[in-house]
Structure formats: structure tokens, C-alpha cells
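So the chains spell out like this:
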Amino acid sequence: MILLTRLNGTSLGVNADLIERVESTPDTVLSLIDGTKYVVAEPLPEVVALIVDFRARVIARAEEYSHDHTHPPTATALQLVSNRGEH
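Within every chain, residues take consecutive numbers counted from 1 along the sequence as written. Two thresholds apply to this predicted model, a pLDDT of at least 70 for residue-level local features and 80 or more for giving and counting side-chain atom pairs, whereas whole-chain, interface and lining totals are computed over all residues. Hydrogens and water molecules were not included; the side-chain quantities draw on all heavy atoms of the structure.

Caption draft 1: Layout of the sheet that holds strand E3 (residues 19–24). Taken together, the three strands give an open sheet; going across it, the order is E3-E4-E5, and neighbouring strands pair in antiparallel fashion. The strands lining the two open edges of the sheet, one partner per strand, are E3 and strand E5 (37–40). Shown here is a sheet whose adjacent strand axes are inclined to one another by a mean of 20°, direction ignored. Relative to strand E4 (residues 28–32), E3 is paired through five bridges, and the arrangement is antiparallel. When the sheet's bridge partners are listed, Arg 21 is paired in E4 with Ser 31. Note on pairing: DSSP must find at least two bridges between two strands before they are called paired. What counts as a helix is a DSSP run of H or I of at least four residues, what counts as a strand is a run of E of at least two, and both are numbered from the N terminus. In this analysis, axes come from line fits to C-alpha atoms, helices being fitted only over the stretch in contact, and the angle between any two N-to-C directions falls in the range 0 to 180 degrees.

Here it is, written out as C-alpha cells:
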């Protein structure tokens, strides 16, 4: 999630994975993949930086967990499967 500010000053948490487009019209408008639109106070470059930071944190956290042997993963690894059913 990234935290943004609506034009009325209230906070808004947005799932960065669901953002399809960010536009400056001149207000900053986020369009989600389901068509929902949000107008936020942050300028477009700041929203993009927040998304990049969010993704970097996800990758860094995954790296931390991959080296943490005190908590084994709870899910099994995925396998690629070809169209012919080979593993």
C-alpha cells in the first residue's frame, strides 16, 4: 500500500499493484484496474516515487525472509508447467 492524501486532506491507502495509470490533469488522478479513480494532492512524480519505494520494500523484505531460517516458508515453491504437461 502507498499512503496518499485526498484533496480534502484525508488520508487514503491505495494498493499500488492495482494502479493502472497516474495522470496529471492538472490534479493528480489515479486510475485503478477496475476503473475506480482517485484524485490526490501529491504531484505525479511523488506518486511514482512512492510506488517505486513500495516495490523496493517488497523486494527487500522478500530478500530478508529468504535468509531467515528461523521461519521456514509456509507455501511450497511453484513449478513451471509446459503445455505438454512436462515439469
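Once the structure has been displayed, the description carries forward.
Caption draft 2: Representation of the nonpolar core within the structure. In this structure, Ile 2, Leu 4, Leu 12, Val 14, Ala 16, Ile 19, Leu 30, Leu 32, Val 40, Val 47, Ile 51 and Phe 54 together form the largest nonpolar core, which totals twelve residues. Residue assignment for this core shows that the elements contributing at least two residues are strand E1 (2–5), strand E2 (11–14), E4 and helix H1 (44–66). For this core, the element with the highest residue contribution is H1, accounting for three residues. The contact criterion used throughout is that any non-hydrogen atoms of two residues lie within 4.5 Å. With residues near it in sequence (within four places) discarded, Leu 12 still touches Ile 2, Leu 3, Leu 4, Arg 6, Tyr 38 and Val 40. The nonpolar core is taken to be a set of buried Ala, Val, Leu, Ile, Met, Phe, Trp, Tyr and Cys residues, with the residues joined through side-chain atoms within 4.5 Å. When accessible area is computed with a 1.4 Å probe and restricted to protein chains, residues below 20% of their type maximum are described as buried, those above 50% as exposed, and intermediate ones as partly exposed.

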